[in-house]
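Residue strings, one per chain:
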Amino acid sequence: QQVLEQVLRELQPLCTSEQQFLQEFFQLSHDSVELQVLEVRIVSSLVPTSSPPSSLAHSWEEPTTQLLSEIFSCLEPELREFLDVCNKVHPFGCLQVLVTLSDSVFGIWGSSSAPRSSFLNSLLGNVLLLAKSSFNKSIGNLCREIEEAKVPRGMKGGILPCVSRFQEFLAFSEEVFRTSRRRGELDKAQLRLASSVFSSINSLPSANLKVNTDMVMMENFHHIHSFLCQKKIHCLEDKKREAKQRYSEHLDKYVTRYLGQPLEKLNHFFDGVKARLAQGVKEEEVSFQLAYSKQELRKVIGKYPGKEVKRALETLYRKIHKYLSPEENLLPVVWQAMEQEFIRQYQEFEELIQRCYAGSGIAMDFTVEDLLGYFNSITASN
């Protein structure tokens, strides 16, 4: 980038002095409209507008411009080749080229104190269009790579390569555009890439992962939300909110799925009770259903003494700890959500017992206070 900046800085006085010499030596008129046409041409390529009037377009054929084009006939091809090299030096080299050229072109127009070469403006405008095309092509290729990327064989979770690549691009691009006032192209590119990353994460359920896909999606959306909060990129505010929403959704799904395991048979039993109530069976008649009698409820509850529940929760904690990626540090968040959901389920079971088995004296072997003690004990010992 510094080399390109140096090249452009040296071209400006060279072309300007040559243009002034030609105008003075051959006594050629310098029409200020010529510069306006050049500005209209470049700006119209960046923001769609109507075509410039034909009277303005005709000023492109000024004798000064023709002479400079012949004198510097090799300049544009050489500059294009040089930009190709710049693009190949770094994976995101096209970003640096676009920023440097854009700042140079619009910087030239914005400086009224120094004489300006309309020929150089024209040349840099052509090259800027090429840089835009290269940048858009690079972003398109990156989007396809992200959307078509296969999950690495044997991957057990953690941050996906496409998310890391997106984060790398954001960090690099924000640094490159840090001092640039024109970031319209970057904003569009960042939105395109964000959509591709979200699409790639959404395709995970079909990726045959060896771990719970809700866990992986939860971690990756959390990761995206975290670094978008750090970067504070205005054009990605909606994506940041979407990432937070998706993270919360998959956290809920992950917690709900795994909490079915410690009390699996109780969950299955009370799911059946709720289904009967939904079908119109009266609460006081549920216990007369053979599969949901008081005797069957006592059998199911008997399978979950307090000590067994605590042991099952310890196993669950170890399993969650094993698969959650340490870099996201979501274990405390997940475990707290597990605790809240577990207590909610317990209170729901207690309510159904009171409603459908009133006066039976049936109760679970542990209380809410016991559950809180189990969770606190497990957290403290780990």
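Residues numbered from 1 in each chain as written. Predicted model: local features only at pLDDT ≥ 70, side-chain atom pairs only at ≥ 80, totals over all residues. Heavy atoms only, no water.

The protein carries the name EXOC1 protein in an unreviewed UniProt entry, which gives Menura novaehollandiae as its organism.

## Concerning the overall build of the protein
Heads up, the rule is: Helix and strand definitions follow DSSP, with helices as H or I runs of at least four residues and strands as E runs of at least two, each counted in order from the N terminus. Reported accessibility uses the Shrake-Rupley method at a 1.4 Å probe radius. Residues are deemed covered only where the shown protein chains occlude them.
A count of helices and strands for the protein gives 16 helices and zero strands. As presented, the protein carries roughly 20600 Å² of accessible surface, and 50% of it is formed by carbon and sulfur atoms.

## Here we look at the confidence of the model for the protein
Detailed reading of the predicted model is not advised wherever pLDDT is low. Here is the rule: By definition, pLDDT measures how confident the predictor is in each residue, and it falls between 0 and 100. We call two residues in contact whenever any of their non-hydrogen atoms come within 4.5 Å of each other.
Summary statistics for the protein give a mean pLDDT of 81 and a share of 81% for residues scoring 70 or more. In this model, residues 30-43 is a region of pLDDT below 50 whose contacts with residues beyond four sequence positions or in other chains number 31 contacts. Across residues 45-61, where pLDDT falls below 50, the model places 17 contacts with residues more than four positions away in sequence or in other chains.

## Concerning the nonpolar core
Basically, it comes down to this: Nine residue types can take part in a nonpolar core, namely buried Ala, Val, Leu, Ile, Met, Phe, Trp, Tyr and Cys, and a core is a set of them joined through side-chain atoms within 4.5 Å. Here the term buried applies to any residue with accessible area under 20% of the maximum for its type, exposed to any over 50%, and partly exposed to those in between, with areas from a 1.4 Å probe on protein chains only.
Residues Val273 and Met338 are the most contacted members of the largest nonpolar core, which totals 109 residues. Ignoring sequence-local partners within four residues, the contact set of Val273 consists of Val286, Tyr292, Leu352, Cys356 and Tyr357.

## Quick notes on the packing of helix α9 (residues 184-202) against helix α11 (residues 237-259)
Rules: Every angle, taken between N-to-C directions, lies between 0 and 180 degrees, and every axis is a line fitted to C-alpha atoms, over only the stretch in contact when it is a helix. Working definition: roughly parallel below 35 degrees, roughly antiparallel above 145 degrees, roughly perpendicular at 65 to 115 degrees, and oblique for all remaining angles. Left-handed describes a crossing whose near helix is turned anticlockwise from the far helix through less than a right angle; right-handed describes the clockwise counterpart.
Across the interface, α9 lies against α11 with an axial gap of 11 Å and an inter-helix angle of 15°. When the axes of α9 and α11 are compared, the pair comes out roughly parallel. Here the hand of the crossing between α9 and α11 comes out left-handed. Across the interface between the two elements, Leu191, Ala194, Ser195, Phe198 and Asn202 of α9 pack against Lys239, Glu242, Ala243 and Arg246 of α11.

## Side note on the pattern of salt bridges
Where we set the bar: The working definition used for a salt bridge is a side-chain nitrogen of Lys or Arg within 4 Å of a carboxyl oxygen of Asp or Glu.
Enumeration according to the criterion identifies 19 salt bridges in this entry. One salt bridge in this structure joins Glu242 and Lys239, with 3.6 Å as the shortest N-O distance. Of this pair, Glu242 and Lys239 both sit in helix α11, separated by three residues, roughly a single helical turn. Beyond isolated ion pairs, a larger network of salt bridges with shared partners links Asp271, Lys274, Glu341, Arg344 and Glu348.

## Things to note about unusual backbone geometry
Backbone geometry at Lys232 places phi at a positive 55°, although glycine is not the residue there. Mapped onto the elements, Lys232 comes out in the loop between α10 (213-231) and α11. For Asn329, which is not glycine, the phi torsion reads 55° and is therefore positive. On the secondary structure map, Asn329 appears in the loop between α14 (306-323) and α15 (331-356).

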